[in-house]
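Chain by chain, the residues run as shown.
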Amino acid sequence: MALFLFLVLVAILLGIFGSVVEGLFYLLIIGIVVALLAFLYAAYRITSRTTRRRPR
């Protein structure tokens, strides 16, 4: 969970810097990619946690 929150925070910061500072649009793109990776990681963790348990 801490890794997910850290990645989201990094994505937000990169997005802000990328949109505010002129000429650093690529940081906005990197922020979007990091956010997508964070949400994919969270989805993987949630689904893998539910599929590990054996049904009784």
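Residues numbered from 1 in each chain as written. Predicted model: local features only at pLDDT ≥ 70, side-chain atom pairs only at ≥ 80, totals over all residues. Heavy atoms only, no water.

Caption draft 1: Structural context of the overall build of the protein chain. Scanning the protein chain from N- to C-terminus turns up 2 helices and 0 strands. Classification of the 56 residues of the protein chain by burial places 20% in the buried group. Only carbon and sulfur atoms are counted for the fraction: they give 73% of the accessible area of the protein chain, which is about 4,800 Å². (Helix = DSSP H or I, 4+ residues; strand = E, 2+ residues; numbered from the N terminus. Buried < 20%, exposed > 50% of the residue type's maximum accessible area, 1.4 Å probe, protein only. Areas by Shrake-Rupley, 256 points an atom, 1.4 Å probe, with all protein chains shown as cover.)

Caption draft 2: Region of interest: the side chain of S48. You can see S48 is positioned in helix 2 (residues 25-51). In terms of polar contacts, S48 uses its side chain to reach the backbone carbonyl oxygen of R45, at 3.3 Å. (Polar contact = N/O pair within 3.5 Å; in protein donor to acceptor, adjacent residues only side chain to side chain.)

Caption draft 3: Main features of the environment of F25. Within the secondary structure layout, F25 lies in helix 2. For F25, a relative accessible area of 54% puts it in the exposed group.

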